[in-house]
Amino acid sequence: MALRTCAIATVALALLIADGAAAQKVHIQISSGPYYPGEAVEVQLVVEDFDEHPTPTVDASPTASGRLDYVGVNPSTRSSISIINGRMTQTRTVRFVFQYRFVASQPGVFEIGPFRVKQGGVERMTGPVRIEVAALGKSDRLRIKLDWPRGELYPGQRFVVELEWWFETDLSDRMQDYRIEVPIFDRSDLFRFIDAPPQRGDTELVVQTASGEVSLQATVVERVASGRRFKVVTAQRILVPLRSGEFEFSGATVVVDEVVRWRRDLFGQRTAQGTRKIASYDDPRTLVVRDVPRRGRPESFAGAIGRGFSLEASADRSVLQVGDPILLS
């Protein structure tokens, strides 16, 4: 989902005096609010008057109940010459802008930062920035749900999770954008994810994750519930637990920008003039991954868990001399 275009307001500034003609400065800029759960907030760390090379390193403090993703860095250098009363003065300004996106998983007051910037023997630090993330009411025009099989799960076992998103049929023409967050999909430290790549012509459901957008193959059907017609988008992922444990996750969320006003451009095309946000949330979930039983484990056990396995071994030849290679499949 594209970030909205908005003014950038400076909300924190740390100025530290350094030895030399120019003092290194670092400060934070953040996109203007209001802010809502599941919505990306653009954060910029502006670093000035450091050396042009190497690029400074940045350490960002973790944020509770939120995710701060690094996007990239934009370096720039500007030189100027001024002559006053025959005296020439040359200045050179070096600037790095580190881009981040912050996403809160729930309403509340959050601190972004502090950020610690290092280059060689120089170190500068910002203070934290506080923002308030407002709650969006749960709309009955949307539903989102994540399901997985009941029963015991083990490390290395593949299991399918199904993401189902419902929205009223008449919302289709007024949906300018949407953003879906599924917290379990951010945990690449706990799971390996296997996806079938979408083919040309497939319906795709885009989900925002800590590592970027993920496009999932999806199906769309229409259903009737409580006398209303809904479109139902369903996508699946295969998850493979990497270790055992009991893990708690916030529920999946969806935020939709619904167009409430239109206007006509010079060519008579209808464009959005006003939008409002509507949202829906799934319940928090707990996933238990059990350790593989050790009692009765065969000596040849190598970590494969599931049903319907078959193994076959073959060699490319059965007669050979000592030291000859053999291809074993």
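Report follows, based on the coordinates. Everything numeric in this text was worked out from a predicted model, so none of it was measured.

### With respect to the overall build of the protein chain
Turning to step 1, where the next piece is worked out: Helix and strand content of the protein chain: zero helices and 21 strands.
Turning to step 2, where the next piece is worked out: For 329 residues, the compact-globule estimate of 2.2 N^0.38 gives 20 Å, and the protein chain exceeds it by more than 25% at 27 Å.
Turning to step 3, where the next piece is worked out: Expressed as lengths along the three principal axes of its C-alpha atoms, the size of the protein chain is roughly 95 × 75 × 40 Å.
Turning to step 4, where the next piece is worked out: Going through the 329 residues of the protein chain one by one, you find that 37% of them count as buried.
Turning to step 5, where the next piece is worked out: When contacts within the protein chain are restricted to residue pairs at least 6 apart in sequence, those whose partners lie at least 24 apart make up 65%.
Turning to step 6, where the next piece is worked out: Summed over all atoms, the accessible surface of the protein chain reaches about 19,900 Å², with 48% contributed by carbon and sulfur.
Turning to step 7, where the next piece is worked out: Charge separation in the protein chain, taken as the distance between the mean sites of 42 positive and 41 negative side-chain charges, equals 3 Å.

### A closer look at the packing of aromatic side chains
Turning to step 1, where the next piece is worked out: Tallied over the full model, the rule gives 11 aromatic pairs.
Turning to step 2, where the next piece is worked out: A ring pair is formed by Phe 191 and Phe 193, whose centres lie 6.4 Å apart and whose planes are at 45 degrees; its orientation type is tilted.
Turning to step 3, where the next piece is worked out: Among the aromatic side chains, those forming a connected cluster through ring pairs are Phe 185, Phe 191, Phe 193, Phe 247 and Phe 249.
Turning to step 4, where the next piece is worked out: Looking at Arg 143, its charged tip hangs above the ring of Phe 230, at a distance of 4.9 Å from the centre.

### Considering the pattern of salt bridges
Turning to step 1, where the next piece is worked out: Scanning the entire structure with this criterion turns up 22 salt bridges.
Turning to step 2, where the next piece is worked out: Across the pair Asp 186 and Arg 67 runs a salt bridge, and its minimum N-O distance is 3.0 Å. One end of the pair, Asp 186, is in the loop between strand E13 (175–181) and strand E14 (191–194); the other, Arg 67, is in strand E5 (residues 66–84), with 119 residues separating them in the sequence.
Turning to step 3, where the next piece is worked out: Where Glu 258 meets Arg 174, a salt bridge forms, and the shortest distance between an N and an O atom there is 3.1 Å. With Glu 258 in strand E19 (residues 253–264) and Arg 174 in the loop between strand E12 (159–168) and E13, the pair connects residues that are 84 residues apart, well separated along the chain.
Turning to step 4, where the next piece is worked out: Looking at Glu 258, the relative accessible area reads 2%, which means it is buried.

### Some thoughts on the sheet that holds strand E9 (residues 122–125)
Turning to step 1, where the next piece is worked out: Overall, antiparallel pairing links the three strands, which are arranged E4-E8-E9 in an open sheet. The two strands at the open ends of the sheet, each matched to only one other strand, are strand E4 (57–60) and E9. Each adjacent strand pair in this sheet contributes to an overall mean axis angle of 15 degrees, direction not counted.
Turning to step 2, where the next piece is worked out: Inspection of the sheet shows strand E8 (residues 115–119) paired to E9 by four bridges, in the antiparallel sense. Across the sheet, Arg 116 pairs through a bridge with Met 125, a residue of E9.

### Brief notes about the environment of Thr 91
Turning to step 1, where the next piece is worked out: Along the chain, the position of Thr 91 falls in strand E6 (residues 87–104).
Turning to step 2, where the next piece is worked out: According to the relative accessible area criterion, Thr 91 is partly exposed, its value standing at 39%.
Turning to step 3, where the next piece is worked out: Between the C-alpha atoms of Thr 91 and Val 255, which are 164 residues apart in sequence, the distance is 47 Å.
Turning to step 4, where the next piece is worked out: Among all residues touching Thr 91, those that are not within four sequence positions of it are Arg 78, Ser 79 and Ser 80.

Rules and cut-offs
- For every chain, the first residue of the written sequence is number 1, and numbering continues from 1 onward in sequence order.
- Given that this is a predicted model, residues contribute local features only at a pLDDT of at least 70 and side-chain atom pairs are listed and counted only at 80 or more, while totals for whole chains, interfaces and linings are drawn from all residues.
- With hydrogens and water excluded, all non-hydrogen atoms of the structure serve as input to the side-chain values.
- Working definition: helices are DSSP H or I runs of at least four residues, strands are E runs of at least two. Numbering for both runs from the N terminus.
- Based on C-alpha atoms, the radius of gyration is set beside the globule rule, defined as 2.2 Å times the residue count to the power 0.38.
- For the exposure calls, accessible area comes from a 1.4 Å probe over protein chains only, and a residue counts as buried if that area is under 20% of its type's maximum, exposed if over 50%, partly exposed in between.
- In what follows, residue pairs with any heavy atoms lying within 4.5 Å of each other are defined as contacts.
- For the area figures, the Shrake-Rupley method with a 1.4 Å probe applies, and any residue is considered shielded solely by the protein chains shown.
- We count Lys and Arg on the positive side and Asp and Glu on the negative side, and we leave His and both chain ends out.
- In this description, the location of a charge corresponds to atom NZ of lysine, CZ of arginine, CG of aspartate or CD of glutamate.
- Centre distance within 6.5 Å is the pairing criterion for rings of Phe, Tyr and Trp, where only the six-membered ring of Trp is used; planes under 30 degrees apart are then read as stacked, over 60 as edge-to-face, and the remainder as tilted.
- Charge-over-ring contacts are defined here by two conditions on Lys NZ or Arg CZ: a distance within 6 Å of the ring centre and an angle within 35 degrees of the ring normal.
- When a carboxyl oxygen of Asp or Glu is within 4 Å of a side-chain nitrogen of Lys or Arg, the pair counts as a salt bridge.
- One bridge is not enough; two strands pair if DSSP finds at least two bridges between them.
- Angular values range over 0 to 180 degrees, each being the angle between N-to-C directions of two axes fitted as lines to C-alpha atoms, with helices fitted over their stretch in contact.

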